[in-house]
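# Breakdown of the fold
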Amino acid sequence: GEDVEQSLFLSVREGDSSVINCTYTDSSSTYLYWYKQEPGAGLQLLTYIFSNMDMKQDQRLTVLLNKKDKHLSLCIADTQTGDSAIYFCAERTYNTDKLIFGTGTRLQVFP
Amino acid sequence: DVKVTQSSRYLVKRTGEKVFLECVQDMDHENMFWYRQDPGLGLRLIYFSYDVKMKEKGDIPEGYSVSREKKERFSLILESASTNQTSMYLCASSRTSGRGSRYNEQFFGPGTRLTVL
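Computed from a predicted model, the values in this text were never measured in an experiment. (Residues numbered from 1 in each chain as written. Chains lettered and ligands numbered in written order. Predicted model: local features only at pLDDT ≥ 70, side-chain atom pairs only at ≥ 80, totals over all residues. Heavy atoms only, no water.)

Along the backbone of chain A there are zero helices and 11 strands. Computed over its C-alpha atoms, the radius of gyration of chain A comes to 13 Å, within 12% of the 13 Å expected for a compact globule of 111 residues. A principal-axis box enclosing the C-alpha atoms of chain A has dimensions of 45 × 30 × 20 Å. Out of the 111 residues belonging to chain A, those deemed buried represent 47%. Across chain A, contacts joining residues at least 24 apart in sequence account for 56% of those joining residues at least 6 apart. Total accessible area on chain A stands at roughly 5,500 Å², and carbon and sulfur atoms take up 48% of it. (Helix = DSSP H or I, 4+ residues; strand = E, 2+ residues; numbered from the N terminus. Rg over C-alpha atoms; globule rule 2.2 N^0.38 Å. Buried < 20%, exposed > 50% of the residue type's maximum accessible area, 1.4 Å probe, protein only. Contact = heavy atoms within 4.5 Å. Areas by Shrake-Rupley, 256 points an atom, 1.4 Å probe, with all protein chains shown as cover.)

Printed below as a string of C-alpha cells:
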C-alpha cells in the first residue's frame, strides 16, 4: 500500500536554511502537500505541488519534487523561531479526495 | 474566515464509556474526515464521509463508528472506549475535487486530546 516517510526531528539555528525531506511510494500521486502544525493547533496547508512540476517557490518556501526517486523536499530560507512546528507531507493519488500523511518532522529552531 | 470546530479540546473518559466527538464545518464542504494523530505514526485516517449519510472506512476503523446526518456535522463515536484509544483526534473537511479547486485543500479543526483511563 501507499507509504509516506519522513525523518522525525530536525534542529536548525535561526537564520539558517531548513530542509525537510519526504519519500512516498505511490507513483500515481497527483498532488503533494506540505502542512504545518503549530503547538496545540490543527494542521494548516503551507504549500502544494502538482506532480508534473519539479519546483515551486513561494516567498521563503521552496518545494522540490524528484518524481523518479519519489522524493519531496521543503526548503525554508532564513528560518525563524516562529517556524518551529511539526511539518507533514501528504500525497493525493488519482481519483480520490483522501490524503496519505507522513509521520511528521518536528522542526526546532534555536537562537 | 473558514472554520472547522471540534466540540472539546480535552476529554477524559473511563474504559468502557461511550464517547462522542463532534465536528462542525461552516464551508459547505462535501467531504469530512476523522484522523488520529500519534507520535511517530503521523495522521492515520479513521473514517471519511463524502456526503450526508455516506461513509467509507479509513486505515484504522476498528473500535470506531461515525455519523453524518447533516452536511456540516460529522461525529466520531467510540462505542466502548479503551486505553489504546488515548490519542489526539483531528477532524478535517474539503470540497469534492470535482467541485472545488484542483489542489483541494483539507481544512483542519484544532483537535481533541482524548485520554481514556
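The discussion continues.
So, on to the interface of chain B and chain A. Contact with chain B, which involves 25 residues of that partner, is made by 21 residues of chain A. Taking both partners together, chain B and chain A bury about 1,800 Å²; carbon and sulfur atoms supply 53% of that area. Counting across the interface, chain B meets chain A through one salt bridge. Of the charged contacts, one joins Lys98 of chain A and Glu56 of chain B as a salt bridge, the two residues approaching to 2.8 Å between their closest N and O atoms. Along the contact surface separating chain B from chain A lie six residue pairs in polar contact (both at pLDDT 80 or more). (Buried area = accessible area lost by both parts, 1.4 Å probe. Salt bridge = Lys/Arg side-chain N within 4 Å of Asp/Glu carboxyl O. Polar contact = N/O pair within 3.5 Å; in protein donor to acceptor, adjacent residues only side chain to side chain.)

With that settled, consider the environment of Ala85 of chain A. All names here are of chain A. Here Ala85 shows up in strand 9 (residues 85-93). Residues Ala85 and Lys36, spaced 49 residues apart in sequence, show a C-alpha to C-alpha distance of 6.6 Å. Setting aside residues up to four positions removed in sequence, Ala85 forms contacts with Lys36, Gln37, Glu38, Thr105, Arg106 and Leu107.

Quick look at the sheet that holds strand 3 (residues 19-25) of chain B now. Residue and element names in this part refer to chain B. The antiparallel open sheet is built from four strands, whose spatial order is 1-3-8-7. With partners counted over all chains shown, the strands left at the sheet margins are strand 1 (4-6) and strand 7 (65-70), one partner each. Ignoring strand direction, the axes of neighbouring strands in this sheet form an average angle of 20°. Bridging between strand 7 and strand 8 (residues 73-78) involves four bridges; their strand directions are antiparallel. Each bridged residue has a counterpart across the sheet, and for Lys70 the counterpart in strand 8 is Arg73. (Pairing = 2+ DSSP bridges. Axes fitted to C-alpha atoms, helices over the stretch in contact; angles between N-to-C directions.)

A separate point is the pairing of strand 8 of chain B. All names here are of chain B. Most of strand 8 sits out of view: five of its six residues are buried. Bridge count between strand 3 and strand 8: six bridges; the pairing is antiparallel. Counted as the bridge partner of Leu21 is Leu76 from strand 8. With antiparallel pairing between neighbouring strands as the criterion, strand 7 and strand 8 make up a hairpin whose turn holds two residues.

Attention now goes to the sheet that holds strand 1 (residues 4-6) of chain A. All names here are of chain A. Strands sit in the order 1-3-8-7-6 across an open sheet of five strands; the sheet is antiparallel. Edge strands, defined here as strands with exactly one partner in the open sheet, are strand 1 and strand 6 (55-58). Direction aside, neighbouring strands of the sheet carry axes that sit 15° apart on average. Direction of pairing for strand 7 (residues 61-66) relative to strand 8 (residues 71-76): antiparallel, over a ladder of six bridges.

On to the environment of Ala77 of chain A. All names here are of chain A. Along the chain, Ala77 turns up in the loop between strand 8 and strand 9. Exposure remark for Ala77: the relative accessible area of 34% places this residue in the partly exposed category. Here Ala77 is in contact with Asp16, Ser17 and Arg60, once residues within four sequence places are set aside.

Moving on: the confidence of the model for chain B. Taken residue by residue, chain B gives an average pLDDT of 93. The fraction at 70 or more is 94%. Put simply, strand 6 (residues 54-57) of chain B is where chain B has its lowest mean pLDDT, 94, and strand 8 of chain B is where it has its highest, 98. (pLDDT = per-residue confidence, 0-100.)

This part is about the pattern of salt bridges. One pass over the full model with this rule turns up 11 salt bridges over all chains. A salt bridge links Glu38 of chain A to Lys36 of chain A; the nearest nitrogen and oxygen atoms lie 3.1 Å apart. Classification of Lys36 of chain A by relative accessible area gives buried; the value is 13%. Salt bridges linked by common partners bring Arg36, Asp38 and Arg44 of chain B together as one network.

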